Amino acid sequence: MHVLRRLLVTLLVAIVGGPSMSHAADKLKVVATTADLAAVARAVGGDDVDVTALARPTEDPHFVDAKPSFIRIVNQADVLIEGGASLEAGWLPPILDSARNSKISAGSPGRVVAAQGITLLEVPTQLDRSMGDVHPQGNPHFMLDPVAAKTVARSIVTAFCAVDHTRCAGYQDALSRFDTAIDGKLLAWQATLAPFKGTKVVTYHKDFDYFAERFGLEVIDTLEPKPGIPPSPTHLTELIPKMRAEHARLILIEPYRERSNPDFVAQNTGARVLVLPAMPDGKDAPDYIALVDSDVRQLAAALGEKPARP
Ligand SMILES: [Zn+2]
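1. Section: helix H11 (residues 288-304)
- Its 17 residues give H11 an end-to-end C-alpha distance of 24 Å, which sits within 8% of 24 Å, the value for a rise of 1.5 Å per residue.
- With twelve of its 17 residues buried, H11 lies for the most part within the structure.
- Within H11 the residues assigned to the buried category are Tyr288, Ile289, Ala290, Leu291, Val292, Ser294, Asp295, Val296, Leu299, Ala300, Ala302 and Leu303.
- In this fold, the buried residues of H11 make contact with helix H3 (35-45), helix H6 (146-163), helix H7 (168-193), helix H8 (209-215), strand S7 (250-253) and strand S8 (272-275).

So this is what it looks like as structure tokens:
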């Protein structure tokens, strides 16, 4: 009898799962294309979500090395968060086709297109993919603007609530805390960069424009002649005198860029190269707020130094 009861208990536990097992299995499976979107999803999802980022933080989000494992991950997702505005156009569509997951198909409650809530910069008047421009729908790098990140957090919570309504109140509470944290930090970030308002900078790619606009820097040009097109001698020959004339002080580049062109331009203009992460990396910048904190601090330190040019 005793043995029978023990067997019965074992069987019941196997069927319904132990307390921790059931919670783990119960978590929303969230897939984000990039580390910044994943970080915001974790901030508003907390312990109720299991978030996977497809692209590594050290990868260019336009040109991600799409692994076969992505298909299984996307196939099992309850929610998929993409940047949109063609950010992932070069690698995500075939993965979605192969994954065959109706929960995250276009227009489903489990699909978040972050760009849909954002007023995009640099929207072309004509759709033009000629010359390889990877921003045919406008600039998709809005996540470094903390105010845009709040909008994206709201879109993510809308999706979480739609697919997991029993825990909606918890997601809403986390969203309020995220908003409050950003609002509190924003004043400090703006104060830190206020002395450098109007400073002219050059970037490698057009991915610091929203950040620059929020914090009062002026991006006068990019090393790339067009988004996604590598720097060319012709373009750099025009860029160098322009940077000298306008006294551009910094060349902002992401950690995954080559250094030969930025260093060449720096040597010929007196501007400094500053490597500035655009994605949380789980180490130095473990979450979204830490990323912006770190970028603001590094920028202020670089601009606070005496210019290299006499
Ligand atoms: Zn881009």
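Anyway, onward from the coordinates.
2. Digging into the packing of aromatic side chains
- Applying the stated rule across the entire model yields five aromatic pairs.
- Here phenylalanine 178 and tyrosine 288 contribute two aromatic rings whose centre-to-centre distance is 6.3 Å and whose plane-to-plane angle is 55 degrees, an arrangement assigned as tilted. You can see phenylalanine 178 sitting in helix H7 and its partner tyrosine 288 sitting in helix H11, a full 110 residues away along the chain.
- The exposure class of phenylalanine 178 is buried, given its relative accessible area of 7%.
- We classify tyrosine 288 as buried; its relative accessible area is 2%.

3. Concerning the sheet that holds strand S6 (residues 218-222)
- Spatially, four strands are ordered S6-S5-S7-S8 in an open sheet, and the strand pairing comes out parallel. Of all strands in the sheet, those with a lone pairing partner are S6 and S8, marking the two edges. Each strand axis lies, on average, 35 degrees off the axis of its neighbour in the sheet, ignoring direction.
- Sheet topology places strand S5 (residues 200-203) next to S7; three bridges connect them, and they run parallel.

4. Thoughts on the pairing of strand S1 (residues 28-32)
- Along S1, four of the five residues are buried, which leaves the element largely enclosed by surrounding structure.
- Where S1 and strand S2 (residues 49-53) come together, five bridges link them in parallel fashion. Within S2, the residue paired with alanine 32 across the bridge is alanine 53.
- For the crossover from S1 across H3 to S2, the handedness is right-handed.
- Relative to strand S3 (residues 79-82), S1 is paired through three bridges, and the arrangement is parallel.

5. A closer look at the packing of H7 against H11
- Here H7 crosses H11 at 5 degrees, and the two axes come no closer than 10 Å. With respect to H11, the element H7 is oriented roughly parallel. Here Phe178, Ala181, Ile182, Lys185, Trp189, Thr192 and Leu193 of H7 lie close against H11, whose contacting residues are Tyr288, Ile289, Val292, Asp293, Val296, Leu299 and Ala300.
- The residue makeup of the contact of H7 with H11, split by class, is eleven nonpolar, one polar and two charged.

6. Some remarks on H6
- Taking 1.5 Å per residue, 18 residues should reach 26 Å; H6 reaches 26 Å between its end C-alpha atoms and fits that length.
- Of all the residues in H6, the buried ones are Pro146, Ala148, Ala149, Lys150, Val152, Ala153, Ile156, Val157, Ala159, Phe160 and Cys161.

7. Considerations on the sheet that holds S1
- With parallel pairing, the four strands of this open sheet are ordered in space as S2-S1-S3-S4. Since the sheet does not close on itself, it has two edges, and those belong to S2 and strand S4 (111-113), each with one partner. Neighbour to neighbour, the strand axes of the sheet diverge by 20 degrees on average, direction disregarded.
- Bridge count for S3 against S4 is three bridges, and the pairing is parallel. Its bridge partner lying in S4, leucine 80 is registered against arginine 111.
- Where H6 meets the sheet, it contacts S1, S2, S3 and S4, and its direction lies at approximately 165 degrees from that of S3.

What counts and how
- Residues numbered from 1 in each chain as written.
- Predicted model: local features only at pLDDT ≥ 70, side-chain atom pairs only at ≥ 80, totals over all residues.
- Heavy atoms only, no water.
- Helix = DSSP H or I, 4+ residues; strand = E, 2+ residues; numbered from the N terminus.
- Expected span 1.5 Å × (residues − 1).
- Buried < 20%, exposed > 50% of the residue type's maximum accessible area, 1.4 Å probe, protein only.
- Contact = heavy atoms within 4.5 Å.
- Phe/Tyr/Trp six-rings, centres within 6.5 Å; stacked < 30°, edge-to-face > 60°.
- Pairing = 2+ DSSP bridges.
- Axes fitted to C-alpha atoms, helices over the stretch in contact; angles between N-to-C directions.
- Right-handed = clockwise from strand over helix to strand, strands pointing away.
- Parallel < 35°, antiparallel > 145°, perpendicular 65-115°, else oblique.
- Nonpolar A, V, L, I, M, F, W, Y, C, P; charged D, E, K, R; others polar.

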